[in-house]
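Observations on the model geometry
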Amino acid sequence: MELNKWRIQMVMKSLLPIFLALMIGYILIFISGYNANEAFTYLFMGALGGKKQIMNTLFAATPLIFTGLATAISFKAGLYNMGAEGQLYLGAFAAAYLGFSLQGLSPGMHITICLLGGALAGFVFALIPAVIKAYLQVDEMVSTLMLNYVAILYTTYLASYPFRAPGSSNAETINILPTAVLPRFVSESQLHVGFLLALVAFVIIYIMLNKTILGYEITALGKNQHFTEYVGMNVAKKIVIVMTISGILAGLGGAIETLGTHGKFVSGFSPDYGWTGLTIALIGKFNPIGVLAGAFLFGILKNGGSSMEIMVGVPRSLISIIEGLIVLFMTVDMLNKRFSLGTKIKQAIQSLGSSKGSQNNLKQEVN
Amino acid sequence: MKKRVLVGMLVGALALGLVGCGQKKETKETNKDQFKVAMITSEGGLGDRSFNDSGNEGLKQAKEKLNVTTKVVEPGDVSEGETYLSQLAESGMDLVITLDLGHSDVLKKVAKKYPDTQFAIFNTAVEGSNVSSVLFKEQEGSFLAGALSALVTQDTSLEQVNDKKIISFIGGIDSPGINIFLSGFKEGASHIDPEIKVLSGYTNSFADPAKGKETALSQIGQGSDIVFQAAGATGDGVIQAAKQKNVFAIGVDSDQDGIAKGNVLTSVMKRVDNAVYGLVEDGMKKEYQTTYELGLKEKGVELSPMTYTKDLISEDYLKQIEGLREQIISGEIKVKDIRK
């Protein structure tokens, strides 16, 4: 019973900021001189109004599920892996390289190899900050943050010089072979099989966190690292495991973007998927279900935001404002006892009621 | 009391929003017969003082003079290209222009699906019966800039100029689309004096002014006194370096002469605005061409009016450049296109 109440509170804690942010977004759109009702209609209809729209929303959510899970699992263990963006880029490039250079493989085999390559790239790149954190106590927040630059600039170099598609003015590689392409479900929507892989990743991480010893250890590590050390857990080893799982997830996310969305590596392809994943992990309170929900929410905002811009002309930056507001409100613990909005509203209604009563009394007295 | 005010304000704001919007609907009217144009910006979006802004300018003019409905949209990333192109086509646009050459692959697919909509893409050629490709002859504008630089770098009476016959070029990425500026620049310089040395370097980014400045300073250190940049926002740094060392820079895409008055010799302008306007004009007559190659003749490329520098340099140089311009337009001088 107590647990249920706590769960409801957790859900409320996540929903309230979203609602408030949308409300302010509505007012901002209105103030900016657009038809806010129409804009919001397109925001939701463009994201959820039909089969194709829903599929495109899931498409937008796919990379975010990976980066969200990657960040959530490390944060849950108290490890601040800020390197999802960089790991994503390396995973994407590795998958593209294998995708265009390996010839004569069957589609299933080729895709599997490319995905493994992407995962391996993420793994190796996360191993560096993991090892120096575990054995030399180097702050992983700083190292992962800095390594992002290395990964992004290095892949840009690779796509600009050694592997640039001949004749292209963009920094991008040649197309991957057809055998490596993750197929779409229907040609009208960009949604591809990568989404199913994201769901598989979600299920695996969910089970791992909730049903395995490793999951328990991760939670314990996140609660108190020193305690877990004293009770005899090999903390250094666990740090490496958690960080590399995080890297694998981000790398896979990049690989799937390459194989399903772009069909090649494009320098600068990610509109901050890694950082949006971090936001989503925060919204989801590092819980896989929360991450899934957060990824869908951001998918809705992204996909609906484009319809809103195309149909009503509301600039995309307003969607960024709404996203920013969600994060801002998230950081305010609104259901905290002292600042609880719920109790405040309750009190307000009560005082409204009682003041009405007193007003009535007053009237009677006057009469 | 305070709480009541808070609740009241929240409810009030919401109600106001709902009521206000209900009223607004009536004012909106769309004429069905009006020609509808949409433009998708490239990376960087509006406010880049360059490519996208110039396109938007052309669209504004078309709206004013040709009475068409226009729409400018700015996708968040390149993967959204497909959604944007198809949604715009579905929403009944007559002409959909994309300035992002990263859309070339998806445009091929999308254009087939919407045969009633005309599409246009800039700076790259895409095949399709309902696709127009707009290409600029950047080499022609760069030729004039090169010729002018060759004249100016030998005029040591100018305080910006040293005694070395060295000029230089900075590009964003080592690619055909950028090297076309370099080849035209070189050709123009050697047309005036074959002994002129042209240094070149790449910043590997279109959005890194610090790198642009660093590269420019190194070239200036090697004796260059005129630095031509074709590197997007990176070029801002090049112009800053020229200002700091009091030498000349040459701007690109739009009229950048005003960024450092007196230190930007001229700008090789790509008239995206003219191109967009021309497309709309052709669209209203339903006379699209599959490829538009816009050079000096078509006013697709030209040198800036040199507002801050034309009084600094000798009038004779300007006359020579004008002569070369006429020779290119008449076909007497053919500037090589390395892309072909």
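Residues numbered from 1 in each chain as written. Chains lettered and ligands numbered in written order. Predicted model: local features only at pLDDT ≥ 70, side-chain atom pairs only at ≥ 80, totals over all residues. Heavy atoms only, no water.

When you go through chain A residue by residue, the secondary structure sums to 14 helices and 0 strands. Moving toward the C terminus, one meets the helices and strands of chain A in the order α-α-α-α-α-α-α-α-α-α-α-α-α-α. Taking the principal axes of the C-alpha coordinates as reference, chain A spans close to 95 × 60 × 35 Å. Counting only contacts in chain A whose residues sit at least 6 apart along the sequence, the fraction spanning at least 24 positions is 76%. Here chain A contributes 23 positively and 15 negatively charged side chains, and the mean placements of these two sets differ by 8 Å. (Helix = DSSP H or I, 4+ residues; strand = E, 2+ residues; numbered from the N terminus. Contact = heavy atoms within 4.5 Å. Lys, Arg positive; Asp, Glu negative; His and termini not counted. Charge placed at Lys NZ, Arg CZ, Asp CG, Glu CD.)

On to the domain arrangement of chain B. All names here are of chain B. Under the domain assignment used here, chain B contains domain 1 (36–136 + 273–294) and domain 2 (138–269 + 310–330). If you average the C-alpha positions of domain 1 and of domain 2, the two centres end up 30 Å apart. Every contact between the two is made by 4 residues of domain 1 and, on the other side, 6 residues of domain 2. Of all residues in domain 1, the largest losses of buried area upon contact with domain 2 belong to Arg 49, Ser 50 and Phe 136, amounting jointly to 82% of the total for that side. If you look at where domain 1 meets domain 2, you find 1 residue pair in polar contact (both at pLDDT 80 or more). Along the lines of polarity and charge, the residues of the side of domain 1 that touches domain 2 split into 1 nonpolar, 2 polar and 1 charged. (Domains from an automatic or database assignment. Buried area = accessible area lost by both parts, 1.4 Å probe. Polar contact = N/O pair within 3.5 Å; in protein donor to acceptor, adjacent residues only side chain to side chain. Nonpolar A, V, L, I, M, F, W, Y, C, P; charged D, E, K, R; others polar.)

What follows concerns empty space enclosed by the protein. The final tally for this structure, using the stated rule, is 2 cavities of 30 Å³ or more. Every residue along the wall of the largest cavity is listed here: A:Asn56, A:Phe59, A:Ala60, A:Gln190, A:Lys302, A:Asn303, A:Ser306, B:Ser79, B:Glu80 and B:Thr83. Looking at the lining of the largest cavity, the elements with two or more residues in it are helix H3 (51–76) and helix H12 (288–312) of chain A. Among the residues forming the lining of the largest cavity, the class breakdown is 2 nonpolar, 6 polar and 2 charged. Approximately 30 Å³ is the volume attributed to the second largest cavity. Along the walls of the second largest cavity sit A:Gly83, A:Gln87, A:Phe125, A:Pro129, A:Thr144, A:Leu147 and A:Asn148, which together make up its complete lining. Every element with two or more residues in the lining of the second largest cavity is listed here: helix H5 (107–136) and helix H6 (140–160) of chain A. With 3 residues, the single largest contributor to the lining of the second largest cavity is H6(A). Along the lines of polarity and charge, the residues of the lining of the second largest cavity split into 3 nonpolar, 4 polar and no charged. (1 Å grid on protein atoms, 1.4 Å probe; cavity = no way out; pocket = protein on both sides within 12 Å on 5 of 7 lines; lining within 4 Å. Points joined across faces, edges and corners; volume = space filled by probe spheres on them.)

As enumerated under the stated definition, the model contains 14 salt bridges over all chains in all. Measuring nitrogen to oxygen at the nearest pair gives 3.4 Å for the salt bridge that ties A:Glu172 to A:Lys264. Highlighted residues: A:Glu172 in the loop between H6 and helix H7 (194–211) and A:Lys264 in the loop between helix H10 (235–262) and helix H11 (273–283), separated in sequence by 92 residues. We note that A:Glu172, like A:Lys264, is buried. For B:Arg271, the salt bridge goes to B:Asp273, with nearest N and O atoms at 3.1 Å. Of the two residues examined, B:Arg271 and B:Asp273, each falls in the buried class. It is possible to trace a salt-bridge network through shared partners that takes in A:Glu172, A:Lys264 and B:Asp105. (Salt bridge = Lys/Arg side-chain N within 4 Å of Asp/Glu carboxyl O. Buried < 20%, exposed > 50% of the residue type's maximum accessible area, 1.4 Å probe, protein only.)

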